[in-house]
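Examination of the molecular architecture
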Amino acid sequence: MNYISIHPLQLGLALLLLLGNLGLSLMLKLKLERSLGIAVARMTIQLLLVGMILEWIFALRSFIWVMVGALIMTTIASISAVNRTKRRFPGIYWHSFVSILGSAFIVTGIGLTGIIQVTPWYEPRYFFPIFGMILGNILNGISLGLDRFMEEIVTHRDKIETSLALGATRWEAIQETMRNTLRTGMIPILNTMMIAGVVSLPGMMTGQILSGTPPIEAVRYQIVIMVLIASAVAFGLTGVILLAFFRLFTPQHQLREDLLISK
């Protein structure tokens with residue numbers, strides 16, 4: 001496969017395009033210059049560091065280091081997912097970690113061993129790109145879903161507690177909220193799937209084409225990845241909402257709204 005290498009000078013030229021953004025911010029008094037500068041600096045440093053670390057891990061091809069990297073990525077994703085929500089409850093970070101770890105590892109494992117059939121399944125060149133894409137999408141789904149779930153509980157507290165007082169079980173009282181939550185969390189990946197190939201070319205497919213992969217082969221990979229992502233988001237979102245449900249509703253069918261704390 002042939003690809004055109006991007007040298008540091010070319011990378012610098014690309015970053016110069018952001019001067020236009022800075023100019024617009026100054027001209028329109030948007031006051032985004034500092035945020036944009038920090039975002040660009042963080043992105044550049046983080047990606048360069050990740051690139052160097054991945055090159056090292058790729059060379060080692062060690063199961064232990066692949067798992068260490070995956071756990072670090074999962075921890076960061078689980079913390080980021082919760083940090084995007086407006087409310088917290090005891091154990092929410094642990095719930096996020098367990099849900100993301102379980103769904104990401106199961107779906108990635110199935111994709112690498114059963115579908116793509118990579119040997120060994122933890123081959124870093126395949127594992128990290130797929131695992132990373134799955135993590136990023138689960139993070140978005142869980143943050144949206146958790147935020148919606150807790151906000152609906154607070155907003156519709158009277159309705160929920162009335163249902164419980166009239167003899168409804170905790171599951172019956174929260175069903176509508178659960179459905180709304182799951183729909184909200186799945187919206188980003190569903191929208192991405194709807195427009196894939198029509199409005200935009202997905203990132204992995206574009207990267208493979210740029211690296212010299214035949215377009216039809218890149219399309220097959222992208223379809224597999226999109227299906228894996230959608231499955232992982234559904235599993236992770238369902239898992240974290242169920243854990244939150246059991247934390248906020250007692251076996252005696254009582255709502256523990258007092259556990260919800262605004263950040």
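Every chain begins its residue count from 1, and numbering advances along the sequence as written. Totals for whole chains, interfaces and linings use all residues, but because this is a predicted model, local features are given only for residues with pLDDT of at least 70 and pairs of side-chain atoms are given and counted only at 80 or more. To get the side-chain values, all heavy atoms of the structure are used, and hydrogens and water are removed first.

**Notes on the overall build of the protein**
Helix numbering and strand numbering both begin at the N terminus, where a helix is a DSSP run of H or I of at least 4 residues and a strand a DSSP run of E of at least 2. If you tally the helices and strands in the protein, you get 10 helices and 2 strands. Listing the helices and strands of the protein from first to last along the sequence gives α-α-α-α-β-α-α-α-α-α-α-β. Dimensions along the principal axes, computed over C-alpha positions, put the protein at roughly 70 × 55 × 35 Å. Relative accessibility under 20% of the residue-type maximum defines a buried residue, over 50% an exposed one, and the middle range a partly exposed one, all with a 1.4 Å probe and only protein chains included. Looking at the protein residue by residue over its 263 residues, the buried ones come to 35%. For the area figures, the Shrake-Rupley method with a 1.4 Å probe applies, and any residue is considered shielded solely by the protein chains shown. Of the roughly 15,400 Å² that the protein leaves accessible, carbon and sulfur atoms contribute 68%. Here the positive residues are Lys and Arg and the negative ones are Asp and Glu; neither His nor the chain ends is included. All charge positions are set by atom: Lys at NZ, Arg at CZ, Asp at CG, Glu at CD. Averaging the locations of the 20 positively and 13 negatively charged side chains of the protein gives two centres separated by 5 Å.

**Topic: the layout of surface pockets**
Quantified by volume, the largest pocket comes out at close to 2,400 Å³. As for the largest pocket, its lining consists of 49 residues, of which Leu47, Val50, Gly51, Leu54 and Pro129 are closest to the centre. Residue composition of the lining of the largest pocket, grouped by class: 32 nonpolar, 13 polar and 4 charged. Each pocket or cavity is described by its volume, and for the second largest pocket that value is around 160 Å³. Lining residues are defined by having an atom within 4 Å of a point belonging to a cavity or pocket. Those points lie on a 1 Å grid over the protein atoms alone, cavities being sets where a 1.4 Å probe fits but cannot get out and pockets being open sets with protein on both sides within 12 Å along at least five of seven lines. Every residue along the wall of the second largest pocket is listed here: Glu152, His156, Lys159, Ile160, Ser163, Glu172, Ala173, Ile174, Gln175, Glu176, Thr177 and Asn180. Elements that contribute at least two residues to the lining of the second largest pocket include exactly helix H7 (157-165) and helix H8 (170-195). Counting residues per element, the lining of the second largest pocket draws most heavily on H8, at 7 residues. In terms of residue class, the lining of the second largest pocket is made up of 3 nonpolar, 5 polar and 4 charged. Grid points are joined across faces, edges and corners, and a volume is the space filled by probe spheres set on the points. Classification used: nonpolar for Ala, Val, Leu, Ile, Met, Phe, Trp, Tyr, Cys and Pro, charged for Asp, Glu, Lys and Arg, polar for all others including Gly.

**Examining the confidence of the model for the protein**
A residue's pLDDT is simply how confident the predictor is in it, with values from 0 to 100. For the protein, the average pLDDT comes to 90, and 99% of its residues sit at 70 or higher. Ranking the elements of the protein by mean pLDDT puts helix H9 (residues 203-210) last, at 79, and helix H5 (residues 92-115) first, at 95.

**Comments concerning H8**
A helix is expected to span 1.5 Å for every residue after the first. If you check H8, its first and last C-alpha atoms are 38 Å apart, about what 26 residues at 1.5 Å a residue would give, namely 38 Å. The bend at a residue is defined as the angle formed between two axes, one fitted to the seven residues ending at that residue and one fitted to the seven starting there. When the local axis directions of H8 are compared, the greatest deviation, roughly 45°, occurs at Ile187, which is followed within four positions by the proline Pro188. Within H8, burial applies to Arg170, Ala173, Ile174, Thr177, Met178, Asn180, Thr181, Thr184, Gly185, Met186 and Ile189. Buried positions along H8 lie against helix H6 (124-155), H7 and helix H10 (215-248). Among the residues trailing H8, Gly197 stands out with phi positive, at a value near 85°. Throughout, a residue-residue contact means that at least one pair of heavy atoms, one from each residue, lies within 4.5 Å.

**Comments concerning the nonpolar core**
Nonpolar side chains in soluble globular proteins tend to end up buried together. In terms of nonpolar packing, the biggest core is built from 54 residues, with Ile134, Phe149, Ile153 and Phe249 touching the most fellow members. Looking at this core, the elements that each hand over two or more residues are helix H4 (63-83), H5, H6, H7, H8 and H10. Here this core gets 14 residues from one element, more than from any other, and that element is H10. Look past the residues within four positions of Phe149 in its chain and what remains in contact with it is Ile174, Thr177, Met178, Thr181, Ile241, Ala244, Phe245 and Leu248. By nonpolar core is meant a set of buried Ala, Val, Leu, Ile, Met, Phe, Trp, Tyr and Cys residues that side-chain atoms within 4.5 Å join together.

**Considerations on the packing of H5 against H6**
Taken N-terminus to C-terminus, the directions of H5 and H6 make an angle of 140°; their axes are 9 Å apart at the nearest point. In terms of orientation, H5 lies oblique with respect to H6. Considering how the two elements wind past one another, H5 and H6 form a crossing that is right-handed. In contact with Ile92, Ser96, Ser99, Ile100, Ser103, Ala104, Phe105, Val107, Thr108 and Leu112 of H5, H6 contributes Tyr126, Phe127, Ile130, Phe131, Ile134, Leu135, Ile138, Ile142, Leu146 and Met150. Taken together, the residues that form the contact of H5 with H6 break down as 16 nonpolar, 4 polar and no charged. With axes taken as lines fitted to C-alpha atoms, and helix axes fitted only over the stretch in contact, angles between N-to-C directions fall between 0 and 180 degrees. Note that the term roughly parallel is reserved for angles under 35 degrees, roughly antiparallel for angles over 145, roughly perpendicular for angles of 65 to 115, and oblique for everything else. Helix crossings fall into two classes, left-handed where the near helix is turned counterclockwise from the far one by less than a right angle and right-handed where it is turned clockwise.

**Remarks on the packing of aromatic side chains**
To describe a pair of aromatic rings, one takes the distance between the centres and the angle between the planes. Stacked, tilted and edge-to-face are the three classes applied to pairs of Phe, Tyr and Trp rings, where Trp contributes its six-membered ring and a pair requires centres within 6.5 Å; stacked means planes under 30 degrees apart, edge-to-face means over 60, and tilted covers the rest. Applying the stated criterion across every chain, the model contains 13 aromatic pairs. Judged by centre distance (5.8 Å) and plane angle (25°), the ring pair of Trp94 and Phe97 falls under stacked. Remark: Phe97 and Trp94 occur in helix H5; sequence separation between them is 3 residues, near one turn of the helix. Note on Trp94: relative accessible area 55%, which makes it exposed. Here Trp121 and Phe127 contribute two aromatic rings whose centre-to-centre distance is 6.1 Å and whose plane-to-plane angle is 65°, an arrangement assigned as edge-to-face. Take Trp121: its relative accessible area is 29%, and that puts it in the partly exposed class. Three or more aromatic residues joined by ring pairs make a cluster, and in this case those are Phe63, Phe105, Trp121, Tyr122, Phe127, Phe128 and Phe131.

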